[in-house]
Amino acid sequence: MELYVDTANIEHIRYAATLGCITGVTTNPSLLAKEDPSIDVRQRILEIHELIGGHLSVEVISTVTKGMLKEAEEIISWFPQATIKIPIIPDGLSAVKELSKRGIPTNVTLIFTPTQALAANNAGATYVSIFMGRLDDISQNSSDVLNDICEIWDVQECESKIIAASIRHPLHIIEAAKAGADIATIPYKVLMQSLKNPLTDSGLEQFLSDYDKMQTERQKILNI
Ligand code: E4P
């Protein structure tokens, strides 16, 4: 399962890119709005693209097909490798169908049910984003929904790649990987949490202190 970072924060992306385990970035209007309100969206997206190199999803704001297609064209003019993020609404599906005909990759977002995922796949979505945290927020088991979608994908041989999104904690990453999602897109804080373990820290501390002791002993023995 690939790991993307789910943020528009340039410092976080800069650092995440150095880790070697991140192959893409997803953004959305809320993530951009969380940054400095004076940012130029085009410029920020291009900065992110330069840093990460791999997948970058950029979401449209329009809610009608014509507007979505116009925005998609604009984003593609910024950098041709962009993936256009489109909400799972009827107009969105029409836009996905058209973009798919033109060979432009799409990421269908705000998916909460298997039927929404199936419709997006059939319209030609390159990616479908299943929102785990927001399902759990309303007491619907996100793991069950993701497992259902992954099972349908296997049985029906669906082609869209499954992105586990709205990740809130490291357990979501494990659940997504077990279910068979292709990608998990992870907020920076959760990504860093998922790398940490107190046993790693104490183990490393012990290794270094043992090595230090050995060096001191060695110097004594060799009289240096
Ligand atoms: C990513 O594609 C989604 O926009 C994002 O994961 C949503 O996360 P949230 O539910 O934490 O806002």
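Residues numbered from 1 in each chain as written. Predicted model: local features only at pLDDT ≥ 70, side-chain atom pairs only at ≥ 80, totals over all residues. Heavy atoms only, no water.

**Side note on the site of the ligand**
Within the structure, the ligand sits among D6, T26, N28, K85, F131, R134, A165, S166, R168 and T185. Between the ligand and the protein, one listed contact pairs an oxygen atom with a side-chain N or O atom of N28 at 2.7 Å. In the environment of the ligand, an oxygen atom lies 3.2 Å from a nitrogen or oxygen atom belonging to the side chain of R168. In the complex, the protein chains occlude 85% of the 350 Å² of accessible area that the ligand would expose alone. When the residues that make up the shell around the ligand are grouped by side-chain class, the tally is 2 nonpolar, 4 polar and 4 charged. (Near = heavy atom within 4 Å. Polar contact = N/O pair within 3.5 Å; in protein donor to acceptor, adjacent residues only side chain to side chain. Areas by Shrake-Rupley, 256 points an atom, 1.4 Å probe, with all protein chains shown as cover. Nonpolar A, V, L, I, M, F, W, Y, C, P; charged D, E, K, R; others polar.)

**Some remarks on the side chain of N28**
Relative to the helices and strands, N28 resides in the loop between β2 (24-26) and α2 (29-34). A distance of 2.9 Å separates a polar side-chain atom of N28 from the backbone nitrogen of S30. Every residue in contact with N28, bar those within four places of it in the chain, is listed here: E59 and K85. (Helix = DSSP H or I, 4+ residues; strand = E, 2+ residues; numbered from the N terminus. Contact = heavy atoms within 4.5 Å.)

**Some remarks on the packing of helix α1 (residues 10-18) against helix α3 (residues 41-52)**
The relative placement of two packed helices comes down to the angle between their axes together with the axis-to-axis distance. Put simply, α1 and α3 touch, their axes get as near as 9 Å, and they point 10° apart. Comparing their axes, α3 and α1 come out roughly parallel. Contacts between α1 and α3 involve I10, I13, R14 and A17 from the first element and R44, E47, I48, L51 and I52 from the second. Along the lines of polarity and charge, the residues of the contact of α1 with α3 split into 6 nonpolar, no polar and 3 charged. (Axes fitted to C-alpha atoms, helices over the stretch in contact; angles between N-to-C directions. Parallel < 35°, antiparallel > 145°, perpendicular 65-115°, else oblique.)

**A look at the pattern of salt bridges**
Tallying each qualifying case throughout the model produces 11 salt bridges. As a salt-bridge pair, K85 and E59 come within 3.8 Å of each other at their nearest N and O atoms. Note that K85 is positioned in strand β4 (residues 83-87) and E59 in strand β3 (residues 55-59), a separation of 26 residues in sequence. The two residues K85 and E59 agree in class, both being buried. Of the charged contacts, one joins K101 and E98 as a salt bridge, the two residues approaching to 3.5 Å between their closest N and O atoms. Separated by 3 residues within a single helix, K101 and E98 lie in helix α5 (residues 90-101), roughly one turn from each other. Shared partners join several salt bridges into a network, and the residues in it are E73, E98, K101 and R102. (Salt bridge = Lys/Arg side-chain N within 4 Å of Asp/Glu carboxyl O. Buried < 20%, exposed > 50% of the residue type's maximum accessible area, 1.4 Å probe, protein only.)

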